[in-house]
Structures are given as C-alpha cells and as structure tokens.
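Listed below, chain by chain, are the residues.
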Amino acid sequence: MDIDVYGMNSLRTKGDQGGRLKWYIAGSVPSVREGTKFFLTIVTTNEPGAEEFLDRQAAMHTQIINEDIPILNNMRLDELLLVPSDRAMTRFMRSVVKYPRVTMKALERSARLD
C-alpha cells in the first residue's frame, strides 16, 4: 500500500483490498463555527460489486472520522504525554504546534481589495 501525506490535513492511500483497487483521498478543513470538517473520496475499479464495496468503505471511513472529530476538535497538543518511542510523532506534533495559524476572519480581511 502506498501512503502519502500532504501538509497537515490531507492523506492519500492506494492499494489492494480483497483483490480490488482501493484509492482513498481525504482532507480536513478547519471551520471556526463547526470545528474540523472532513472530505473523502474513495475510488475502485468498475467491476461487479464495486458500488457495494464503495458503500462499505465510505461507511467505515466515515465512522472512523466521526469517532475522531471530538478528539481532534478538543485536542491540546501541549498537554500530550508521549513515550520515548514516539519520537516521530513528537516531531510531527511540534511542527503542527509551530505551523503558522490564521483565522478565517483575518484571511477574508486580507483578501478584500478595498
């Protein structure tokens, strides 16, 4: 399976599941009013059973995301306690904390051409 992570909020996996191509693309977008919003696309080959396969995969991934949303919307990275074997995760979390942040209001204000 190939796994690609793009920036802080998007993921792509491509592989074989049960002899069928599965290509999964997902992303998240912060929303001030509604918290984190997720979007996903699942691709497979056009063969018999493809629609049922996509329905099962979409349901599974949506359930996983829905279980994670409350955690992601309330997580405070500076409060995490990680064990020494989580060095890669620690580096990633530190990069998230240091990542430049801006509010939607500030973005909208900067985009205005007054």
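Scroll up to find the structure this text is about.
Residues numbered from 1 in each chain as written. Predicted model: local features only at pLDDT ≥ 70, side-chain atom pairs only at ≥ 80, totals over all residues. Heavy atoms only, no water.

## What to know about the overall build of the protein chain
Consideration 1: Within the protein chain one finds 3 helices and 4 strands.
Consideration 2: When the helices and strands of the protein chain are read in sequence order from the N terminus, they spell out β-β-β-β-α-α-α.
Consideration 3: A burial count over the protein chain gives 18% of its 114 residues as buried.
Consideration 4: Taking as baseline every contact in the protein chain between residues at least 6 positions apart, the subset at least 24 positions apart corresponds to 28%. (Helix = DSSP H or I, 4+ residues; strand = E, 2+ residues; numbered from the N terminus. Buried < 20%, exposed > 50% of the residue type's maximum accessible area, 1.4 Å probe, protein only. Contact = heavy atoms within 4.5 Å.)

## What about the environment of leucine 54?
Consideration 1: Take leucine 54: it is sitting in helix H1 (residues 50-74).
Consideration 2: Taking relative accessible area as the criterion, leucine 54 reaches 28% and is therefore assigned partly exposed.
Consideration 3: Along the sequence, leucine 54 and lysine 22 sit 32 residues apart, while their C-alpha atoms lie 8.9 Å from each other.
Consideration 4: Apart from the residues within four sequence positions on either side, leucine 54 is in contact with Ile42, Val43 and Thr44.

## Structural notes on H1
One full turn of an α-helix is made of 3.6 residues, so residues set three or four places apart face in the same direction.
Consideration 1: Between the first and last C-alpha of H1 there are 36 Å, a value that for 25 residues agrees with the 36 Å anticipated at 1.5 Å per step.
Consideration 2: The largest bend along H1 measures about 35° and falls at aspartate 68, with the proline proline 70 one to four residues further on.
Consideration 3: Where H1 is concerned, the buried positions are Ala50, Phe53, Gln57, His61 and Ile65.
Consideration 4: Where H1 is buried, its residues touch strand S2 (10-17), strand S3 (20-31) and strand S4 (35-43). (Expected span 1.5 Å × (residues − 1). Bend = angle between axes of the 7 residues up to and from the residue.)

## What to know about the pairing of S2
Consideration 1: When strand S1 (residues 2-6) meets S2, the two strands line up antiparallel, connected through 5 bridges. Opposite aspartate 4, over in S2, you have arginine 12 as the bridge partner.
Consideration 2: Between the end of S1 and the start of S2, which pair antiparallel, lie 3 residues, with glycine 7 showing a positive phi angle near 65°.
Consideration 3: Sheet topology note: the S2/S3 ladder contains 8 bridges and is antiparallel. (Pairing = 2+ DSSP bridges.)

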